[in-house]
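What follows is the residue order along each chain.
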Amino acid sequence: MAYDKFTTLKSTAVPLPIENVDTDQIIPARFLKATERKGFGDNLFRDWRFENDGTPKADFILNNPIYTGKILVGGKNFGSGSSREHAAWAIYDYGFRCVVSSFFADIFKNNSLNIGILPVQVSPAFLDGIFTAIEADPATELEVDLSAQTITILSTGAQESFSINSYKKHNLTNGYDDIDYLQSMKADIEAFAAKSIY
Amino acid sequence: MSQKPATLFDKVWDAHVVRNIEDGPDVFFIDRHFIHEVTSPVAFLGMEQRGLNVMFPGKTFATADHNTPTINQHLPVEDPLSANQLKALETNTAKYGISHWGLGNPKNGIVHVVGPENGITLPGMTIVCGDSHTSTHGAFGAIAFGIGTSEVEMVLTSQCIMQPKPKKMRISVNGELGKGITPKDVALYIISQLTTAGATGYFVEYAGEVFEQMSMEGRMTVCNMSIEMGARGGMIAPDETTFDYIRGREKAPVGAAWEEALAYWKTLKTEEGATFDKEYHFNAADIEPMITYGTNPGMGMGITGHIPSAVDAGSNKASYEKSLQYMGFHEEEPMLGKKVDYVFIGSCTNGRIEDFRAFASIVKGRKKADHVTAWIVPGSHIVERQIKEEGILDILTDAGFQLRQPGCSACLAMNDDKIPAGKYAVSTSNRNFEGRQGPGSRTLLASPLVAAAAAVTGVVTDPRELLA
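Because the structure is a prediction, the values reported are computed rather than measured.

Can you help me understand the nonpolar core in this one?
As a rule of thumb, nonpolar side chains are buried together in soluble globular proteins. Core analysis: the biggest nonpolar cluster contains 113 residues, and F45(A), F78(A) and F359(B) have the highest contact counts within it. Per element, the largest residue contribution to this core is eight residues, and it comes from helix 17 (residues 448-457) of chain B. Look past the residues within four positions of F359(B) in its chain and what remains in contact with it is V343(B), I345(B), I376(B), L396(B), F401(B), P448(B), A451(B), A452(B) and A455(B).

Please explain the side chain of D417(B) as it appears in this structure.
Residue and element names in this part refer to chain B. Relative to the helices and strands, D417 resides in the loop between helix 16 (392-398) and strand 17 (424-427). Within polar-contact distance, the side chain of D417 engages the side chain of T70 at 2.7 Å. Leave out the neighbours within four places in its chain, and D417 touches T70, W375, R404, S409, A410 and Q437.

What exactly am I supposed to notice about the sheet that holds strand 6 (residues 126-129) of chain B here?
Strand pairs in the sheet, formed through backbone hydrogen bonds, run parallel or antiparallel to each other. All names here are of chain B. Judged by pairing direction, the sheet is parallel, and its five strands sit side by side in the order 5-4-3-6-7 without closing on themselves. Every other strand in the sheet has two partners, leaving strand 5 (99-101) and strand 7 (143-146) as the edge strands with one partner each. With strand direction ignored, the average angle separating the axes of adjacent strands in the sheet is 20°.

Which parts of the structure should I look at to understand the environment of M220(B)?
All names here are of chain B. Residue placement: M220 occurs in helix 8 (residues 216-224). M220 sits 132 residues away from R352 along the chain, and the two C-alpha atoms are 9.6 Å apart. If near-sequence neighbours (up to four positions away) are discounted, M220 is found in contact with P116, T136, A139, F140, Y245 and R352.

Got a minute to help me understand the interface of chain A and chain B in this structure?
The extent of an interface is frequently quoted as the accessible surface area lost upon association of the parts. The interface is formed by 56 residues belonging to chain A together with 77 residues belonging to chain B. Of the roughly 5,400 Å² buried between chain A and chain B, counting both surfaces, carbon and sulfur atoms make up 58%. Considering only the surface of chain A that becomes buried against chain B, K33(A), F192(A) and Y198(A) emerge as the three largest contributors, covering 16% of it. There are five salt bridges connecting chain A and chain B. One salt bridge connects D24(A) with R436(B), and the closest N-O pair in it is separated by 2.9 Å. Counting across the interface, chain A meets chain B through 31 residue pairs in polar contact (both at pLDDT 80 or more). Of all elements in the fold, only helix 1 (23-26), helix 2 (46-49), helix 3 (86-94), helix 4 (106-115), helix 6 (166-174), helix 7 (178-183) and helix 8 (186-194) of chain A reach the threshold of two or more residues within the side of chain A that touches chain B. Of the residues in the side of chain A that touches chain B, the class split is 23 nonpolar, 16 polar and 17 charged.

Which parts of the structure should I look at to understand helix 8 of chain A?
In an α-helix, one turn spans 3.6 residues, which is why side chains three or four residues apart end up on the same side. Residue and element names in this part refer to chain A. Three or more residues of helix 8 are buried, namely I189, F192 and A193. In a view along the axis of helix 8, the buried residues occupy a sector of 95°, so they form one face of it. More than 90 degrees from the buried face of helix 8, the exposed residues found are A187 and A194.

Honestly, the pattern of salt bridges in this entry has me stumped. Any pointers?
Should their charged atoms come close, side chains of opposite charge can pair. Residue and element names in this part refer to chain B. Tallying each qualifying case throughout the model produces 31 salt bridges over all chains. Of the charged contacts, one joins R219 and D239 as a salt bridge, the two residues approaching to 2.8 Å between their closest N and O atoms. Of the two residues, R219 is situated in helix 8 and D239 in the loop between strand 11 (233-235) and helix 9 (240-246); the sequence distance between them amounts to 20 residues. Taking the relative accessible area as the measure of exposure, R219 reaches 0% and is therefore buried. On the basis of relative accessible area, D239 is assigned to the partly exposed category, the value being 22%. Put simply, E434 and K322 hold a salt bridge, and the shortest N to O gap is 2.8 Å. In this pair, E434 is assigned in the loop between strand 17 and strand 18 (442-445) and K322 in helix 12 (residues 317-327), connecting sequence segments 112 residues apart.

How should unusual backbone geometry be read in this particular structure?
Peptide bonds are mostly trans, and most non-glycine residues show a negative phi. You will see that N77(A), though not glycine, has its phi angle at about 65°, which is positive. With respect to the secondary-structure elements, N77(A) resides in the loop between strand 2 (71-74) and helix 3. Residue N77(A) is classed as buried on the basis of its relative accessible area of 0%. Notably, D23(B) is not glycine yet its phi reads approximately 50°, a positive angle. Inspection of the secondary structure assignment puts D23(B) in the loop between strand 1 (17-20) and strand 2 (26-29).

Would you mind showing me how to read the environment of H137(B) here?
Residue and element names in this part refer to chain B. Mapped onto the fold, H137 is located in the loop between strand 6 and strand 7. Exposure remark for H137: the relative accessible area of 0% places this residue in the buried category. The sequence separation of H137 and I30 amounts to 107 residues, and the corresponding C-alpha distance is 13 Å. Look past the residues within four positions of H137 in its chain and what remains in contact with it is F34, V111, H112, G115, P116, T121, I127, A142 and A144.

Just checking my understanding: could you explain the layout of surface pockets for this structure?
Once rolled over the atoms, a probe with the size of a water molecule shows which space is left empty. In this structure, the largest pocket occupies an estimated 790 Å³ of space. Along the walls of the largest pocket sit 26 residues, with D106(A), K109(A), N165(A), P164(B) and G201(B) positioned nearest its centre. Of all the elements in the fold, those that place two or more residues in the lining of the largest pocket are helix 4 and strand 4 (118-121) of chain A. A per-element tally of the lining of the largest pocket places helix 4 of chain A first, with four residues. For the lining of the largest pocket, the residue count by class is nine nonpolar, nine polar and eight charged.

Would you take a moment to explain the sheet that holds strand 17 of chain B for this structure?
All names here are of chain B. Taken together, four strands build an open sheet; the order of strands is 16-15-17-18 and the sheet is parallel. Two strands bound the open sheet, and with one partner strand each, they are strand 16 (373-376) and strand 18. Adjacent strand axes in the sheet meet at a mean angle of 20° when their direction is disregarded. Bridge count for strand 15 (residues 342-345) against strand 17 is three bridges, and the pairing is parallel. By the bridge assignment, Y342 is partnered in strand 17 with A425. Across the sheet, helix 17 touches strand 15 and strand 17, and the angle it forms with strand 15 is around 150°.

Explanation requested: the side chain of T121(B) in the structure shown.
With respect to the helices, strands and loops of the structure, T121(B) is situated in the loop between helix 4 (111-117) and strand 6. A polar contact is formed between the side chain of T121(B) and the side chain of H137(B), at a distance of 2.9 Å.

Procedures and definitions
Residues numbered from 1 in each chain as written. Chains lettered and ligands numbered in written order. Predicted model: local features only at pLDDT ≥ 70, side-chain atom pairs only at ≥ 80, totals over all residues. Heavy atoms only, no water. Core = buried A, V, L, I, M, F, W, Y, C linked by side-chain atoms within 4.5 Å. Buried < 20%, exposed > 50% of the residue type's maximum accessible area, 1.4 Å probe, protein only. Helix = DSSP H or I, 4+ residues; strand = E, 2+ residues; numbered from the N terminus. Contact = heavy atoms within 4.5 Å. Polar contact = N/O pair within 3.5 Å; in protein donor to acceptor, adjacent residues only side chain to side chain. Pairing = 2+ DSSP bridges. Axes fitted to C-alpha atoms, helices over the stretch in contact; angles between N-to-C directions. Buried area = accessible area lost by both parts, 1.4 Å probe. Salt bridge = Lys/Arg side-chain N within 4 Å of Asp/Glu carboxyl O. Nonpolar A, V, L, I, M, F, W, Y, C, P; charged D, E, K, R; others polar. Arc of directions from axis to C-beta. 1 Å grid on protein atoms, 1.4 Å probe; cavity = no way out; pocket = protein on both sides within 12 Å on 5 of 7 lines; lining within 4 Å. Points joined across faces, edges and corners; volume = space filled by probe spheres on them.

Structure representation (structure tokens):
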């Protein structure tokens, strides 16, 4: 599915300073029963966000109107656990376009890139800096510049570079995806398959 | 050949690169694609919206497992959303000519159980599935890992995915495991040492005496749990144990094809002098029966020990405290003797015949604890049949247990098998995340022996005390 192009993003951010946020928290298994990719944002962080009867939990960050924005900032090892792309869909569907953490689980990172979410990995110190800045002022804006590969805390001017491989960067910048690319090399794949012993 | 010595992982990976993109991923060819009802429907839909077709339907195999009920499988599935996903899998596979073992098929079962037991999983293959525990198949010396739905669509339409080559890690465990120490304990021990992010970015090869002596089913358990330390997957070099397991299985090669395959498989090992990006060495003698106390699989401990303090756990204090609060536990308290409400044996980690043999070895001649609800769920119909044929069902029945029908069941609670909020479950599955086995459920991961000991005593018990 082609997605929105990603170039730069300037936004306030929602802080979630918890380590090892696993995909079962991002979207619990019981919400994976759809056969179409829509509406997953309603159940993003379902069990942290709502009581069983659907009442919002006042102490969960997404229910605090002070914190808004298109950037989600999570603790170390964000997105561990299952391969469910639904976790990335839920984050995207809710309205986030970028997730910042000091460390991402592999499959979550891949899934995010594949659907147009930019995972930005920063140093633990920079991550702490973001949390501190947002705690001091929830209106703190972050600026993520994909072409320059930098993230900046606008209130303090603190900036850090992040890495992304040039292929994925090109895709995100242009809104292309891997399926487009793979379709362009089907003849090579046919030839490769013909040699396979399996 | 003057090339530098290669690892098992290099050999299999490099043999599957269709194209290498500079500073980008490899175009990586997939030999076997497993699909199930949960992560495939959107992939089929996306493919159709793009006007594409399945490129090699014969390389994809489908089974229904995540949603399926474990009782009354002959009746229509009650949950309309589950029924809808199961129907979508049936329709999609029929439309594109993909093999499908749905409910009622004698070969139906959990995707990572049925692949190996039917000879679909073979050494040297690349195997993917929209399920993180695809790492299970690495036990055969295959590169196997979980993918997302966009990638399922890629494999359907091009038999390839775009993957950067992971770094390489080798984990060696030498020495001899003590009595009552199972492959699950080995896996939980390693993860407790490395943490849930300790192998992120790596593909792991397991080596050393413990894995050389381990059965295929044990190796599958270990490789299955690789994902729980963040690894993309784990693998073990194929050997005579592997070949003996595969020989004669339904879809395994025969005759000249077998000989040709075998000759190739025997080359699949890490060469002397090959290097890894990271190496770990552990001693088998240090491993006890393990149990988890927290909300990720890295929060495990020897069953006779005490829950570590936040300082020792090496994790962020707030996350650690949140975890113990969810579990209703405290720092530095013992786990032995804690009351257990539910016991679950099954899943792609421990739903194979050896696991039920181990469970029965402790249950035999004893009775189920009155207050414990036990869900005993084979990984496939073939395992279910073995349980009956080997007399294990009689042992279970005499002890007051009932056998359910195959599926993922309470591992991720997408069907009706949900642990109620606040209740404690000793589970042989792979994840103890908050709410994993039902909203509010509290999971203690452990081996089939620890599960059996809990099922008969009603509390966390060292299984070594009950072994003959």
